[in-house]
2 protein chains.
Amino acid sequence: MRNSLADVVAAALRVLGAQGLENCSMRRVAAELGVQPSALYHHVPDKQTLLALMADEIVAGVNLGAVSAGQAESRMDGPAAARRVCAELRAAMLAVRDGADVVSTASAFRLGSSLAEDYLAELVGRDGARTLLLYTFGHAQATQMHRHAAAFGALIGGDQVSETSGADDLDGSYVRGLDIIIAGLAVA
Amino acid sequence: MRNSLADVVAAALRVLGAQGLENCSMRRVAAELGVQPSALYHHVPDKQTLLALMADEIVAGVNLGAVSAGQAESRMDGPAAARRVCAELRAAMLAVRDGADVVSTASAFRLGSSLAEDYLAELVGRDGARTLLLYTFGHAQATQMHRHAAAFGALIGGDQVSETSGADDLDGSYVRGLDIIIAGLAVA
DNA sequence: ACCTGAACACCGTTCAAGT
DNA sequence: ACCTGAACACCGTTCAAGT
């Protein structure tokens, strides 16, 4: 036994963190393992599947209700628990370079049948769950894109503008949008 | 004068519609124009720029307040006008194959400075505008991905399940999520 | 101004063959 | 079971040169 599926996923996450999604090719993951590109296809049918496994790993730490569904958070009301799950999801994605893109693409493919959506649906209903998830994915993607652009701009532009209006409070922006949706859920 | 920038963008949109985003390469766009791939770089600095121009074209028909800002929709309240803009945006993206992906990627890059976001911000505030846009983009992407999967599944699976619960009411799902956000805006 | 021709440095995936 | 070696059919981009 030389490399397991878990080794491949771990190597892929290392390449992702070090080089970003656009450079996370099958060939580079193979190189990270010291193996020929074709060897990866013994563990995984294609790149899309590998990305889905990476997405699962990225969000693996998110707590989706500890015991059985809805039971662990019995002291919290639905909206409050939903808010906690979304915040954890966002943090997990932002912790990995391009994590939001990887997770969003993989989860959009399963919309309607993901663990996170099912759990959120118990808390706030199917429509509320979808709305919260799509907002959370979209905002996380925008956050990482903005940070990437800022990091790149800092290299070439010094920091002559710093922030046109100081208005890149991405965390605050996320929470305020979340508040809007949660408030809307209470009405319906 | 053999080809203009407009010709290049139009050819790219033709390839997109016919072959989808994953096959919309610079080389295929060049072939569509009967030209060498390198010729495209006379009109456009890189592929990303071409995709942004395609995105602009896809949403060009969306009415962002006819006369001056906020004036044309004086008979509508803010939330109602915002709902109309979002629905038009969604329809424009869904009208083109992979349109949601093209527009989302290009717009996420400008989040905080797009025409649509500025207009929506006048109607419902910056946080409301961002929330509505991210939700609308995300839902449109999920819609097109679901349709693509359904079309592909129909080819191999016949239609043995048809719909597990008849629950692929994507348009209804979108509107109900929009209702949640709009209701939340009214509270804040 | 607009394009060709040729090249550079890559991709994902397949497949026979090895151990 | 896991991997190599070689190939196939592609990519985006650059650049000197043509008209």
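This text gives an overview of the structure that appears in the document. Source: prediction; values computed, not measured.

1. Details of the protein's contact with DNA strand D
With respect to spatial proximity, 18 residues lie near DNA strand D, and among them Q36, S38 and H42 of chain A together with R27 and Y41 of chain B are the closest. Sugar and phosphate atoms constitute 55% of the interface atoms of DNA strand D, taking the interface as everything within 4 Å of the protein. S38 of chain A places a side-chain nitrogen or oxygen 2.7 Å from a base oxygen of DNA strand D. The separation between a phosphate oxygen of DNA strand D and a polar side-chain atom of K47 of chain B is 2.9 Å. Per-element tally for the surface near DNA strand D: the top contributor is helix α2 (residues 26–33) of chain B, with three residues. In terms of residue class, the surface near DNA strand D is made up of five nonpolar, seven polar and six charged.

2. Digging into the interface of chain A and chain B
Between chain A and chain B, the contact holds 24 residues from the first and 24 residues from the second. Along the contact surface separating chain A from chain B lie two salt bridges. Linking R176 of chain A and D127 of chain B is a salt bridge whose minimum nitrogen-to-oxygen distance equals 2.5 Å. Linking chain A to chain B there are four residue pairs in polar contact (both at pLDDT 80 or more).

3. Description of the pattern of salt bridges
Under the counting rule described, the total for this entry stands at 18 salt bridges over all chains. Among the ionic pairs, R84 of chain A bridges to E88 of chain A, the shortest N-O distance being 2.9 Å. With R84 of chain A and E88 of chain A both in helix α4 (residues 78–94) and four residues apart, this pair spans about one turn of that helix. Note on E88 of chain A: relative accessible area 27%, which makes it partly exposed. Across the pair D179 of chain B and R83 of chain B runs a salt bridge, and its minimum N-O distance is 2.7 Å. A residue pair is termed long-range when its members are at least 10 positions apart, and D179 of chain B in helix α8 (residues 170–187) and R83 of chain B in helix α4 (residues 78–94) qualify at 96 residues. A residue is classified by how much of its surface remains accessible, and R83 of chain B, at 29% relative accessible area, is partly exposed. Here the residues in one salt-bridge network are E117, D118, R126 and R130 of chain A, joined through shared partners.

4. Comments concerning the side chain of R90 of chain A
Residues and elements named next belong to chain A. Tracing the backbone shows R90 in helix α4. By relative accessible area, R90 is classed as buried at 5%. There is a polar contact of 2.6 Å between the side chain of R90 and the side chain of D171. Once residues lying within four places of it in the same chain are set aside, the contact partners of R90 are T136, H139, A140, T143, L170, D171 and Y174.

5. Things to note about the side chain of S104 of chain A
Residues and elements named next belong to chain A. The topology assignment puts S104 in helix α5 (residues 99–108). Of the residues examined, S104 reaches a relative accessible area of 7% and is grouped as buried. A polar contact of 3.5 Å, which involves the side chain of S104, links it to the side chain of Q141.

6. Concerning the packing of aromatic side chains
Residues and elements named next belong to chain A. All told, the structure shown has two aromatic pairs over all chains when counted by the stated rule. Residues Y135 and Y174 carry aromatic rings whose centres are separated by 5.4 Å and whose planes lie at 5 degrees to one another, so their mutual orientation is stacked. Highlighted residues: Y135 in helix α7 (residues 126–157) and Y174 in helix α8 (residues 170–187), separated in sequence by 39 residues. Note on accessibility: Y135 and Y174 belong to one class, buried.

7. Things to note about unusual backbone geometry
Residue and element names in this part refer to chain A. We note that D98 has phi near 60 degrees; this positive angle belongs to a residue other than glycine. Relative to the elements of secondary structure, D98 occurs in the loop between α4 and α5. In this structure D98 comes out as partly exposed when scored by relative accessible area, which is 22%.

8. Digging into the relation of the copies chain A and chain B
Each copy superposes on the other: chain A lies on chain B with an RMSD of 0.0 Å after a rotation of 180 degrees and an axial shift of 0.0 Å. The symmetry that links the two subunits is that of a two-fold axis. When each C-alpha of chain A is compared by its distance to the rotation axis, G184 of chain A comes out closest, at 1.8 Å. A symmetric contact is evident, with 100% of the interface residues of chain A recurring at the interface of chain B.

What counts and what doesn't
- Residues numbered from 1 in each chain as written.
- Chains lettered and ligands numbered in written order.
- Predicted model: local features only at pLDDT ≥ 70, side-chain atom pairs only at ≥ 80, totals over all residues.
- Heavy atoms only, no water.
- Near = heavy atom within 4 Å.
- Polar contact = N/O pair within 3.5 Å; in protein donor to acceptor, adjacent residues only side chain to side chain.
- Helix = DSSP H or I, 4+ residues; strand = E, 2+ residues; numbered from the N terminus.
- Nonpolar A, V, L, I, M, F, W, Y, C, P; charged D, E, K, R; others polar.
- Contact = heavy atoms within 4.5 Å.
- Salt bridge = Lys/Arg side-chain N within 4 Å of Asp/Glu carboxyl O.
- Buried < 20%, exposed > 50% of the residue type's maximum accessible area, 1.4 Å probe, protein only.
- Phe/Tyr/Trp six-rings, centres within 6.5 Å; stacked < 30°, edge-to-face > 60°.
- Least-squares fit on C-alpha atoms with pLDDT ≥ 70 in both.

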